[in-house]
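Per-entry structural report
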Amino acid sequence: MQDASRSGRVRKAPESFLNRDGIRAVFAQAKADRRSFIRSAFAAAAGMAGAGALAQSNPVPAEGGDPNILNLPEHSRGLGQGVAVEGYGKPSRFEANVQRRQSPGLTQTTQASVSFAPLQSLFGIVTPSGLHFERHHQGWWDVDPSRHRLMINGLVKAAKVFTVDEIMRLPSVSRFHFIECGANTGMEWGNVAVPTVQYTHGMISCSEFTGVPLVTLLEMAGADFKKGRFVLAEGADGSSMTRTIPMDLIKSGEVTVAYGQNGEMLRPEQGYPLRLVVPGVQGVSWVKYLRRIEVGDMPWAAKDEAVHYIDLMPDGLHRQYSGIQECKSVVTTPSGGQVLLDKGFYNISGLAWSGRGKVKAVDVSVDGGRNWRRARLETPVLSKALTRFNIDWVWDGKPAIIQSRATDDTGYVQPTYKQLRTVRGTRSIYHNNAIQSWLVQDSGEVKNVQVS
Ligand SMILES: Nc1nc2c(c(=O)[nH]1)N[C@H]1C(S)=C(S)[C@@H](COP(=O)(O)O)O[C@H]1N2
Ligand SMILES: [Mo]
């Protein structure tokens with residue numbers, strides 16, 4: 001028996017899930033005559049919060065050019081404001097819609113517990129600290145650093161307690177790394193097709209973290225590196241956040257006890273004054289308000305690794321400790337909710353990352369995966385950090401399906417939904433790294449779709 005999607009009938013597009021017939025239908029819908037959509041696109045753009053229109057209008061310049069260049073504005077004639085002698089700088093008031101947001105689709109109890117970073121509005125690879133995504137299992141705190149302590153215990157010569165000042169006296173390292181919640185893009189498993197890249201991929205951020213390698217603190221406490229094959233990291237908030245970290249990762253020197261984020265102390269929402277940085281590993285292991293590290297000889301199977309953050313596989317078994325965030329990418333412009341105001345040149349831009357190392361290449365398709373072109377990777381390309389890619393595109397005004405596909409330096413290639421579901425089934429919540437598709441409709445409106 002054939003299901004509708006295989007019958008060869010052309011399904012009405014756009015749907016949020018497109019098979020090959022659906023993709024063909026989208027392209028078949030493209031009309032040769034370009035409709036006058038610019039006015040409606042303007043209206044759509046004006047009515048949309050948080051998803052800026054892509055291009056400035058491209059009005060036909062008045063005869064003799066744009067007079068605005070000759071009309072001197074107020075700020076070219078008068079005295080500007082004095083320096084902000086004191087205080088903390090803020091973005092321009094014209095950028096007020098660049099905000100973290102809570103997903104309207106997520107169940108909320110007494111308070112929100114996730115906010116998403118506005119990836120559609122960001123450039124380069126660093127997430128401004130005030131826009132870093134947030135995930136709190138039991139709310140956040142602004143912890144007094146003078147009263148905060150970090151204990152190292154378990155398989156050590158002598159348990160040791162550090163103050164924040166003592167940690168900040170030690171030799172430090174500063175490195176750029178992404179942190180991605182294991183549940184990022186989770187709603188797409190069910191093809192919820194949330195509207196914007198902020199909600200599909202906004203549980204990722206990238207910062208320069210400064211801190212002390214955890215191995216240094218373990219050495220100071222006289223840890224038994226032979227028997228001690230794992231550590232338990234524990235947070236000081238009410239969520240009893242405890243996660244097992246393999247000692248091999250720690251011995252590599254990559255895991256740090258961080259106090260710095262983008263040149264200043266961590267933000268309270270990010271775990272001020274101390275958080276664990278576990279490059280390449282899902283966010284839940286980056287324990288915030290870090291208060292204790294216990295050295296042990298086997299995994300603890302704590303609640304957040306035995307019951308949560310596990311992947312239900314097609315054979316009915318659960319995958320545990322699946323912590324590495326595999327290679328993934330997403331086009332952030334143009335992306336869902338944005339509007340292309342006219343045909344012509346666009347810079348397709350996006351982010352790629354791998355929890356196993358560096359991004360080696362990103363390919364971009366504008367026809368739903370039939371043809372691919374290699375994007376430019378912007379420097380720096382750093383290990384276990386976001387990498388920015390860009391590629392030129394001239395939109396012909398017809399429907400297009402934009403995708404990006406990243407490859408990392410282990411040779412691993414980001415999977416399609418079909419490939420991912422073949423291995424992982426359909427009942428996961430976490431670790432969705434499938435290729436994202438954005439449908440550019442002939443109206444210029446961009447929409448989240450899935451392509452099999
Ligand atoms: N102490 C503590 N650490 C925590 C959490 C928490 O609720 N409490 N949440 C974890 C989860 S699930 C994620 S994804 C990241 C989120 O970090 P962020 O809020 O800085 O983005 O922190 C992790 N560390
Ligand atoms: Mo998370």
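Residues numbered from 1 in each chain as written. Chains lettered and ligands numbered in written order. Predicted model: local features only at pLDDT ≥ 70, side-chain atom pairs only at ≥ 80, totals over all residues. Heavy atoms only, no water.

With respect to empty space enclosed by the protein
Tallied over the entire structure, the rule returns three cavities of 30 Å³ or more. Approximately 260 Å³ is the volume attributed to the largest cavity. R135, R275, G283, W286 and K288 are the residues nearest the centre of the largest cavity, which is lined by 23 residues in total. Along the lines of polarity and charge, the residues of the lining of the largest cavity split into nine nonpolar, eight polar and six charged. Together, L119, L122, F123, G124, I125, V126, T127, I204, S205, L351, L386 and R388 line the second largest cavity. (1 Å grid on protein atoms, 1.4 Å probe; cavity = no way out; pocket = protein on both sides within 12 Å on 5 of 7 lines; lining within 4 Å. Points joined across faces, edges and corners; volume = space filled by probe spheres on them. Nonpolar A, V, L, I, M, F, W, Y, C, P; charged D, E, K, R; others polar.)

A short note on the packing of aromatic side chains
Counted according to the given criterion, the structure contains five aromatic pairs. Pairing F178 with W353 gives two aromatic rings, centres 6.4 Å apart and planes at 55 degrees, and the pair type is tilted. Here F178 is found in strand β6 (residues 173–180), whereas its partner W353 is found in strand β17 (residues 344–353), with 175 residues between them in sequence. The burial state of F178 is the same as that of W353; both residues are buried. Above the plane of the ring of F162 lies K160, whose end atom (NZ or CZ) is 5.3 Å from the centre. The ring of W372 carries the charged tip of R405 above its face, separated from the ring centre by 4.1 Å. (Phe/Tyr/Trp six-rings, centres within 6.5 Å; stacked < 30°, edge-to-face > 60°. Helix = DSSP H or I, 4+ residues; strand = E, 2+ residues; numbered from the N terminus. Buried < 20%, exposed > 50% of the residue type's maximum accessible area, 1.4 Å probe, protein only. Lys NZ or Arg CZ within 6 Å of the ring centre and 35° of its normal.)

Quick notes on helix α8 (residues 417–424)
The complete set of buried residues in α8 reads Y417, L420, R421 and R424. Buried residues of α8, viewed axially, fall in a sector of 95 degrees; they line one side. Of the exposed residues in α8, those oriented more than 90 degrees away from the buried face are K418, T422 and V423. Just downstream of α8, G425 is the residue with a positive phi angle, here 75 degrees. (Arc of directions from axis to C-beta.)

Considering the sheet that holds strand β13 (residues 290–296)
An order of β5-β4-β13-β8-β9 is seen for the five strands of this open sheet, with the pairing classed as mixed. The open sheet has two edge strands, β5 (160–163) and β9 (242–246), and neither has a second partner. Direction aside, neighbouring strands of the sheet carry axes that sit 20 degrees apart on average. As defined by bridge partners, strand β8 (residues 230–235) adjoins β13 across six bridges and the pair is classed as antiparallel. Directly across from G235, in β13, lies its bridge partner L290. (Pairing = 2+ DSSP bridges. Axes fitted to C-alpha atoms, helices over the stretch in contact; angles between N-to-C directions.)

What about the site of ligand 1?
Around ligand 1, 22 residues are found, and the nearest of them are F133, H137, D237, R275 and K288. K288 places a polar side-chain atom, nitrogen or oxygen, 2.6 Å from an oxygen atom of ligand 1. In isolation ligand 1 offers 530 Å² of accessible surface; the protein chains occlude 100% of this area. In terms of residue class, the shell around ligand 1 is built from nine nonpolar, seven polar and six charged. (Near = heavy atom within 4 Å. Polar contact = N/O pair within 3.5 Å; in protein donor to acceptor, adjacent residues only side chain to side chain. Areas by Shrake-Rupley, 256 points an atom, 1.4 Å probe, with all protein chains shown as cover.)

Comments concerning the sheet that holds β17
Within a beta sheet, neighbouring strands are joined by backbone hydrogen bonds and run either parallel or antiparallel to one another. The four strands are arranged β16-β17-β21-β20 in an open sheet whose pairing can be described as antiparallel. In this open sheet, the two edge strands, each paired with only one partner strand, are β16 (328–333) and β20 (376–377). Pairing analysis gives nine bridges linking β17 to strand β21 (residues 387–395), with the strands arranged antiparallel. Its bridge partner lying in β21, A352 is registered against T387.

Observations regarding the pattern of salt bridges
By the definition in use, this model includes 17 salt bridges. Between R291 and E234 there is a salt bridge, with the nearest N and O atoms lying 2.6 Å from each other. One end of the pair, R291, is in strand β13; the other, E234, is in strand β8, with 57 residues separating them in the sequence. With relative accessibility at 38%, the residue R291 sits in the partly exposed group. (Salt bridge = Lys/Arg side-chain N within 4 Å of Asp/Glu carboxyl O.)

Here we look at the confidence of the model for the chain
Taken residue by residue, the chain gives an average pLDDT of 88. The fraction at 70 or more is 85%. This stretch, residues 1–15, has a pLDDT under 50; its non-local contacts, to residues over four places away or in other chains, come to 20 contacts. Note on residues 31–58: pLDDT is under 50 here. Beyond four places in sequence and across chains, it has 44 contacts. (pLDDT = per-residue confidence, 0-100. Contact = heavy atoms within 4.5 Å.)

A short note on the nonpolar core
Among the nonpolar cores identified, the biggest contains 84 residues, and L214 and L218 are the most heavily contacted of them. Ranked by residue count, the leading element in this core is β17, at five residues. Beyond its immediate chain neighbours, meaning those up to four positions away, L218 contacts I152, A223, F225, V231, M247, I250, I293 and V295. Of all hydrophobic cores here, the second largest spans five residues; its members include L18, L439, V449 and V451. (Core = buried A, V, L, I, M, F, W, Y, C linked by side-chain atoms within 4.5 Å.)

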